[in-house]
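# Coordinates in review
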Amino acid sequence: MHALRIALLIMLMWFVAPLYAEPGVYGEQRITGWWNNFTNDVSQTWNEPQNYDLYLPFLSWHARFMYDKEKTDNYNEMPWGGGFGVSRYNEEGNWTSLYAMMFKDSHNEWQPIVGYGWEKGWYLDNAQDFRLGLGVTAGITARQDFANYVPLPIILPLFSAGYKRLNVQFTYIPGTYNNGNVLFAWLRYGF
């Protein structure tokens, strides 16, 4: 499992790190440039969204090889809930979103999340109907079993496959034995 996490991290860094690389820019200048790109992206997504998105969570699968059977037998893996967001695509097919979602967690308690999502996109056809995405989501969530809903920052990988306005998105929540290691998935429909 440790090897899988390392491989995912390397893949994410391989795709994301060169996106804002500027030759001859180091240290504080580079951080300032990344920060300015990020804040401009958030501002443009909020002020000029191309889509309003509905989110429908449908899976929170606990990796069986990382759990005792009696634990997984009692976990909720159908995260009923929903969400709403705004998003846009840039000219390269990369996707940016601001979103809020609420769903039932593994213990059948409500879990809110608000965040930012970004994906590098690849179109699989000339009509640009089929798209694959790989990126990251960052936000704030809260859980009843984590200090009774104390806000918890998150940064997680993001994967998607879509056809026109309908997308299936996934993230993986890493963890330790009997904790975390959850594949979380939802449908996103843009209108």
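The structure presented is a predicted model; accordingly, all values stated were derived computationally and were not measured. Counting restarts for each chain: residues are numbered from 1 in the order of the written sequence. Thresholds applied to this predicted model are a pLDDT of at least 70 for local features of residues and 80 or more for the giving and counting of side-chain atom pairs; totals over whole chains, interfaces and linings are not thresholded and use all residues. Side-chain numbers here rest on the full set of heavy atoms in the structure, without hydrogens or water.

## With respect to the UniProt feature "active site" (unreviewed entry) in the protein
Heads up, the condition is: UniProt positions are given in the numbering used here, feature names are shortened, and annotations may be inferred rather than shown by experiment. We count a stretch as a helix when DSSP gives it H or I for four or more residues in a row; a strand needs E for two or more, and each element gets its number in order from the N terminus. Each residue gets one of three labels from its accessible area relative to the maximum for its type: buried under 20%, exposed over 50%, partly exposed in between, using a 1.4 Å probe on protein chains only. The contact criterion used is simple: two residues touch if any of their non-hydrogen atoms lie within 4.5 Å. By the criterion applied in these results, polar contacts are pairs of N or O atoms within 3.5 Å in which, for protein atoms, one can donate a hydrogen and the other can accept it, and in which residues neighboring in sequence qualify only through two side-chain atoms.
Here the UniProt-annotated "active site" (unreviewed entry) positions come out as His62, Asp105 and Ser106. A maximum C-alpha distance of 11.4 Å places the annotated residues, which cover 45 residues in sequence, within one compact spot. Following the sequence through the fold, Asp105 ends up in the loop between β3 (95-104) and β4 (110-123). Take Asp105: its relative accessible area is 2%, and that puts it in the buried class. Every residue in contact with Asp105, bar those within four places of it in the chain, is listed here: Asn76, Gln111, Arg143 and Asp145. One polar contact links the side chain of Asp105 to the main-chain amide nitrogen of His107, over a distance of 2.8 Å.

## Side note on the sheet that holds strand β1 (residues 51-62)
Strand pairing in a sheet relies on backbone hydrogen bonds. The paired strands run either parallel or antiparallel. As a reminder, the rule being used: Strands are treated as partners if at least two bridges between them are detected by DSSP. The axes used here are C-alpha line fits, helices contributing only the stretch in contact, and every angle between their N-to-C directions lies in the interval 0 to 180 degrees.
Spatially, eight strands are ordered β1-β2-β3-β4-β5-β6-β7-β8 in a closed barrel, and the strand pairing comes out antiparallel. Averaged over all neighbouring strand pairs, the angle between strand axes comes to 25°, with direction disregarded. Pairing of β1 with strand β8 (residues 182-190) involves nine bridges; the strand directions are antiparallel. Looking across to β8, one finds that Tyr55 is bridged to Arg188.

## Things to note about the pairing of strand β6 (residues 152-163)
Pairing geometry for strand β5 (residues 130-141) and β6, over twelve bridges, is antiparallel. Across the sheet, residue Val136 finds its bridge partner in β6, namely Pro157. Bridge analysis of β6 against strand β7 (residues 166-173) gives five bridges, and the strand direction is antiparallel. From the neighbouring strand, Ser160 faces β7, where its bridge partner is Gln169. Taking the residues that link successive antiparallel strands as the turn, the β6-β7 hairpin has two residues, and the phi of Lys164 there is positive, at about 55°.

## Quick word on the environment of Val168
Summarising the element assignment, Val168 is placed in strand β7. Val168 gets classed as partly exposed once you look at its relative accessible area, which sits at 24%. The spatial distance from the C-alpha of Val168 to the C-alpha of Ala185 is 7.1 Å, given a sequence separation of 17 residues. Among residues more than four places away in sequence, those in contact with Val168 are Phe58, Phe159, Ser160, Ala161, Trp186 and Leu187.

## Things to note about the UniProt feature "site: Role in lipopolysaccharide recognition" (unreviewed entry) in the protein
Residues annotated by UniProt as "site: Role in lipopolysaccharide recognition" (unreviewed entry) correspond here to Lys71. Examined against the element boundaries, Lys71 turns out to sit in helix α3 (residues 69-74). You can call Lys71 partly exposed: its relative accessible area is 34%.

## Thoughts on the packing of aromatic side chains
Filter applied, for reference: Only rings of Phe, Tyr and Trp enter the pairing, Trp through its six-membered ring, and a pair is recorded when the two centres are within 6.5 Å. The plane angle decides the type: under 30 degrees is stacked, over 60 is edge-to-face, the rest tilted.
This model, assessed by the stated rule, comprises nine aromatic pairs. Taking 6.2 Å as the distance between ring centres and 20° as the angle between the ring planes, the aromatic pair formed by Tyr52 and Phe84 counts as stacked. Highlighted residues: Tyr52 in strand β1 and Phe84 in strand β2 (residues 81-89), separated in sequence by 32 residues. On the accessibility criterion, Tyr52 (38% relative accessible area) is partly exposed. With a relative accessible area of 41%, Phe84 lands in the partly exposed category. With a centroid separation of 5.8 Å and 40° between ring planes, the pair formed by Tyr55 and Tyr99 is classed as tilted. You can see Tyr55 sitting in strand β1 and its partner Tyr99 sitting in strand β3, a full 44 residues away along the chain.

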